[in-house]
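Examining the three-dimensional arrangement
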Amino acid sequence: MIGADTEASGLDLNGIGAPNAGFDNPVLQSQAMYRKLLGAMAQPGRILSCELSLDVRAPLWPTTAAAALTLLDFDTPLWLNPGAAAAHALGDYLRFHCGCPLVEAIGNAAFAIISDPAELPPLDSFAAGTDEYPDRSATLLIQVERLDDSRGVILRGPGIECKQTFQAKGLPQGFWQQVQENHSGFPRGVDMIFCAQDRIAALPRSTQVEV
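Description of helix α3 (residues 62-71)
Of all the 10 residues making up α3, nine are buried; the element is thus mostly covered by neighbouring parts of the structure. Inspection of α3 places Thr63, Thr64, Ala65, Ala66, Ala67, Ala68, Leu69, Thr70 and Leu71 among the buried residues, and these make up the whole buried set. Packed against the buried residues of α3 are α2 (26-42), α5 (88-98), β3 (111-114), β4 (139-143), β7 (191-195) and β8 (199-203).

A short note on α5
For α5, the complete set of buried residues consists of Leu90, Gly91, Asp92, Tyr93, Leu94, Arg95 and Cys98. In the segment just after α5, Gly99 is the residue with positive phi, at about 75°.

Overview of the sheet that holds strand β6 (residues 164-169)
Taken in spatial order, the three strands of this open sheet run β6-β5-β9, and their pairing is antiparallel. Each edge of the sheet is formed by a strand with only one pairing partner; in this case those strands are β6 and β9 (208-210). The average undirected angle you get between the axes of adjacent strands in this sheet is 60°. In terms of strand pairing, strand β5 (residues 146-156) meets β9 through three bridges, oriented antiparallel. Directly across from Ile154, in β9, lies its bridge partner Glu210. The strands touched by helix α6 (residues 175-184) within the sheet are β5, β6 and β9, with β9 carrying the most contacts at an inclination of about 145°.

Considerations on the environment of Gly83
Mapped onto the elements, Gly83 comes out in helix α4 (residues 82-85). We classify Gly83 as partly exposed; its relative accessible area is 36%. Residues Gly83 and Glu119 lie 36 residues apart in sequence; the distance between their C-alpha atoms is 7.8 Å.

Notes on the nonpolar core
Leu78, Leu94, Ile113 and Ile200 are the most contacted members of the largest nonpolar core, which totals 31 residues. Contributing elements (two or more residues each) for this core: α2, α3, β2 (78-80), α5, β3, β7 and β8. It is α3 that provides the largest number of residues to this core, a total of six residues. Core analysis: the second largest hydrophobic core is formed by 30 residues, Ala109, Phe126, Val153 and Ile160 among them.

Brief notes about the environment of Glu51
Within the element layout of this structure, Glu51 appears in the loop between β1 (48-49) and α3. Note on Glu51: relative accessible area 83%, which makes it exposed. Here the alpha-carbon distance between Glu51 and Arg199, two residues 148 residues apart in the chain, equals 8.5 Å.

Conventions we followed
- Position labels on residues start from 1 in each chain and follow its written sequence.
- Residues qualify for local features only when their pLDDT is at least 70, as the model is predicted, and side-chain atom pairs are given and counted only at 80 or more; totals for whole chains, interfaces and linings, by contrast, use all residues.
- To get the side-chain values, take all heavy atoms of the structure and skip hydrogens and water.
- Between buried and exposed lies partly exposed: a residue is buried under 20% and exposed over 50% of the maximum accessible area for its type, with that area taken using a 1.4 Å probe on protein chains only.
- Every helix listed is a DSSP run of H or I at least four residues long, and every strand listed is a run of E at least two residues long, numbered separately from the N terminus.
- Here, residues are in contact when the closest pair of their heavy atoms is within 4.5 Å.
- For two strands to pair, DSSP has to find at least two bridges joining them.
- Between N-to-C directions, angles span 0 to 180 degrees; the directions come from axes that are lines fitted to C-alpha atoms, helices contributing only their stretch in contact.
- Joining through side-chain atoms within 4.5 Å is the link that ties buried Ala, Val, Leu, Ile, Met, Phe, Trp, Tyr and Cys residues into a set, and such a set is a nonpolar core.

So yeah, pure geometry; function would need other evidence.
Below, the structure is given as structure tokens:
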């Protein structure tokens with residue numbers, strides 16, 4: 001099966017070592033990470049700890065890699081920020097373990113990995129879905145330096161009892177204004193998962209942001 005999968009995904013392992021290992025127990029670990037991601041999406045801005053031991057390809061962190069291994073497959077075109085795309089071993093790693101096709105056109109991506117927030121394109125560059133098919137929007141995995149729920153912007157909306165403070169360090173200037181515009185198009189819009197070294201948090205398009 002691996003041979004067929006790698007051939008279908010365009011992965012060439014000739015002359016290179018096998019990509020780093022993924023999950024030790026793919027079924028159980030991906031299920032556990034999926035529950036973690038669902039919990040983060042259900043409670044926007046809530047920071048969840050992730051105890052992970054993954055031998056991953058730079059520039060990904062274990063949290064980002066675990067989310068990718070859980071969410072990506074043959075039917076999820078993936079866009080990488082330029083710095084990540086330049087790390088060819090990372091593309092091999094993702095195609096080998098997930099089988100996901102890599103795309104150059106941002107608008108064609110179902111998922112995007114942004115390893116460096118400084119290279120995050122405008123949010124409206126990504127697929128936002130339509131009123132009839134809002135599920136055809138992109139989900140962004142954004143690596144950040146640190147997550148903090150004691151300061152920052154104020155989040156309100158589904159899954160938040162009253163309000164939730166939230167900060168993701170390292171995001172580009174004007175990011176939160178873009179998030180407000182993203183929310184204004186609901187049910188269209190992108191969803192975001194923030195990945196720090198050992199923590200994750202999510203910001204679905206349904207969440208209102210007060211800067």
